[in-house]
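Structure at a glance
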Amino acid sequence: MMLIIHAGMHKTGSSSIQQTLHRWDGTGADYLPWCFSNHSGLFFLMFQDAPEDGGGFKLAGMRPEEAKRLADEWGGKMSEVLEKRAADKVTHPAIFSAEVISSASEAVVQRLADYMRKYEPDIRVVAYVRPPVSFMISAFQQRMKTGHVHNFERLWIWPNYRDRFETLDRVFGRTNVTLKLFKREHLKDGDVVLDFAQEIGVDLRPSDVVRTNESMSLEAAALLDTFGRYAEPFVTGDRLSEQRRTRFFDRLMQIGSRRFVLDETVTDPILAANRADLDWMEDRLGMPVLDATPQSDFKIASEADLLAVALEALPELQKAIADTLASQPTHRHVAASVSLLSEAMRLTEAKKAPTLLDK
């Protein structure tokens, strides 16, 4: 028997791995039960500090009693599967996949290890290592999606390799932790899902892979950043507001075609400040990790750059949402959202853009 813990890291195709295995028919592997494809929520509920107080879901507004009920219900289901595997002497692996494991504290990871070892003493950890420049570009976009507004003067989007992976080495033993470079030429057929399947001995066909694309265009990123800086924020805290926000952002993600790339003037100082951490990662992996900045005809170096792109892209966004409204007139919340954005753009153009863009 063996338990495979897929520990991310973030921005390495984890969603595709999780969704593929969550839908897998179970032949050759048992994907442990949870109501979502990503086990991160279950990981927080069961192993985070003070789980009786809601653990990692406390900040999301989940009531402690609801969090405890979920932890008991799904933790019980997972225990049943693991107990049955042990009784039946199953030889194919069980899989627990949560990218947050690679950024959790050592105490929390230790709780996970102690729990799993009660059922499956043979534990192997697999994680993918994203090169720093592409990670920073992807992390910059991800934080935009969650409503974070970047301060270019104090930008912190470094992957913190040693903090992520040395914990796994200590808790599970270095010989049980497999780290792989997340670059196309190092993956089976250039695909992280097929590569992970090969690592754990699952016969997965390309047609079985569920593809998820989390990247956004330059135009979408610029619009999202400007909306976050200058428009009236969405009211949050209820399901309808969250649905409105999600639908608006989904429409935003369909805008534009240019690639989002951070300029070297942004990434180089961060690389220089974290050279020791990168050296540690390259020594641990046994190969170079540093990547080059992607080629692009326009690279983002400042808030002014994002604002300039957003102003150019605004008509495209307005047209896209108008087309949506023409076919689905009940989506009035989308119209209201773009109205807010339009007003913000006009205000920005009149009062802020000249100062920013003339720098």
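Residues numbered from 1 in each chain as written. Predicted model: local features only at pLDDT ≥ 70, side-chain atom pairs only at ≥ 80, totals over all residues. Heavy atoms only, no water.

Things to note about the overall build of the protein chain
- Helix and strand counts for the protein chain stand at 14 helices and five strands.
- Split into buried and exposed, the 359 residues of the protein chain put 52% on the buried side.
- Of all intrachain contacts in the protein chain linking residues separated by at least 6 positions in sequence, the fraction that spans at least 24 positions is 79%.
- If you sum the accessible surface of the protein chain, you get close to 17,400 Å²; carbon and sulfur atoms cover 50% of it. (Helix = DSSP H or I, 4+ residues; strand = E, 2+ residues; numbered from the N terminus. Buried < 20%, exposed > 50% of the residue type's maximum accessible area, 1.4 Å probe, protein only. Contact = heavy atoms within 4.5 Å. Areas by Shrake-Rupley, 256 points an atom, 1.4 Å probe, with all protein chains shown as cover.)

A closer look at the sheet that holds strand β1 (residues 3-6)
- Taken together, five strands build an open sheet; the order of strands is β2-β3-β1-β4-β5 and the sheet is parallel. Of all the strands in the sheet, the pair left with one neighbour each is β2 (30-31) and β5 (177-181).
- Bridge analysis of β1 against strand β3 (residues 94-97) gives four bridges, and the strand direction is parallel. Note on β3: the bridge partner recorded for I5 is F96.
- Set on the sheet, helix α11 (residues 275-285) makes contact with β4 (123-129) and β5; between it and β5 the angle comes to about 110 degrees. (Pairing = 2+ DSSP bridges. Axes fitted to C-alpha atoms, helices over the stretch in contact; angles between N-to-C directions.)

Some points on helix α5 (residues 132-145)
- End to end, α5 covers 20 Å across 14 residues, agreeing with the expected 20 Å (1.5 Å per residue, within 8%).
- Listing the buried residues of α5 in full gives P132, V133, S134, F135, M136, I137, S138, A139, F140, Q141 and M144.
- With its phi angle positive at about 90 degrees, G147 sits one or two positions after the end of α5. (Expected span 1.5 Å × (residues − 1).)

So, the packing of aromatic side chains
- Overall, the coordinates contain nine aromatic pairs when judged by the stated rule.
- Ring plane angle 65 degrees and centroid distance 5.7 Å describe the contact between W34 and F36, whose orientation is recorded as edge-to-face.
- Judged by relative accessible area, W34 falls into the buried class, the value being 4%.
- What links up through ring pairs into an aromatic cluster is the set F43, F44, F47, Y115 and Y119.
- A cation sits over an aromatic face here: R258 above F298, 5.9 Å from the ring centre. (Phe/Tyr/Trp six-rings, centres within 6.5 Å; stacked < 30°, edge-to-face > 60°. Lys NZ or Arg CZ within 6 Å of the ring centre and 35° of its normal.)

Concerning helix α6 (residues 161-172)
- In this model, α6 (twelve residues) spans 17 Å end to end at C-alpha, consistent with the 16 Å of a helix rising 1.5 Å per residue.
- Among all positions of α6, only Y161, R164, F165, T167, L168, D169, V171 and F172 are buried.
- Contact partners of the buried residues in α6: β1, α4 (106-117), β4, α5, β5 and α11.
- Looking at the residues trailing α6, positive phi occurs at G173, about 90 degrees.

Things to note about the packing of helix α1 (residues 14-22) against helix α7 (residues 192-200)
- Where α1 meets α7, the axes come as close as 9 Å, and the angle between the chain directions of the two elements is 60 degrees. In terms of orientation, α1 lies oblique with respect to α7. Crossing hand, α1 versus α7: right-handed. Contacts from S16, I17, T20 and L21 of α1 reach α7 at V192, V193 and F196.
- A breakdown of the residues in the contact of α1 with α7 according to their chemical character gives five nonpolar, two polar and no charged. (Parallel < 35°, antiparallel > 145°, perpendicular 65-115°, else oblique. Left-handed = near helix turned anticlockwise from the far one by under 90°. Nonpolar A, V, L, I, M, F, W, Y, C, P; charged D, E, K, R; others polar.)

Side note on the nonpolar core
- Of all hydrophobic cores here, the largest spans 85 residues; its most connected members are F43, F96, I101, M116, F165 and F172.
- Setting aside its immediate chain neighbours within four residues, F43 contacts Q48, F96, A98, V100, I101, A104, V108 and L112. (Core = buried A, V, L, I, M, F, W, Y, C linked by side-chain atoms within 4.5 Å.)

Comments concerning the pairing of β1
- Neither face of β1 is left uncovered, since the one carrying L3 and I5 and the one carrying I4 and H6 both have all their residues buried.
- Sheet analysis places β1 next to β4, joined by four bridges and oriented parallel. If you follow H6 over to β4, its bridge partner there is V126.

Considering the environment of S102
- Tracing the backbone through its elements, the reader meets S102 in the loop between β3 and α4.
- A residue is classified by how much of its surface remains accessible, and S102, at 1% relative accessible area, is buried.
- Measuring from C-alpha to C-alpha, the distance between S102 and Y161 comes to 9.2 Å, with 59 residues separating the pair along the chain.
- With residues near it in sequence (within four places) discarded, S102 still touches A7, M9, H10 and R164.
- In terms of polar contacts, S102 uses its side chain to reach the backbone carbonyl oxygen of A7, at 3.2 Å.
- Within polar-contact distance, the side chain of S102 engages the backbone oxygen of E99 at 2.9 Å. (Polar contact = N/O pair within 3.5 Å; in protein donor to acceptor, adjacent residues only side chain to side chain.)

As for unusual backbone geometry
- Cis peptide bonds are those with omega within 30 degrees of zero, and the linkage from G8 to M9 qualifies with 0 degrees.
- Position of M9 among the secondary structure elements: in the loop between β1 and α1.
- For K11, which is not glycine, the phi torsion reads 65 degrees and is therefore positive.
- Residue placement: K11 occurs in the loop between β1 and α1.
- K11 sits in the buried class, given a relative accessible area of 14%.
- In this structure, N160 takes a positive phi of about 50 degrees despite not being glycine.

A short note on the confidence of the model for the protein chain
- In this model, the protein chain carries an average pLDDT of 85, and 81% of its residues clear a pLDDT of 70 or more.
- Here residues 51-59 is modelled with pLDDT under 50, and outside its nearest four sequence neighbours on either side it reaches 18 contacts, counting other chains as well.
- Between residues 353-359, whose pLDDT stays under 50, and residues either more than four places distant or in other chains, the model counts twelve contacts. (pLDDT = per-residue confidence, 0-100.)

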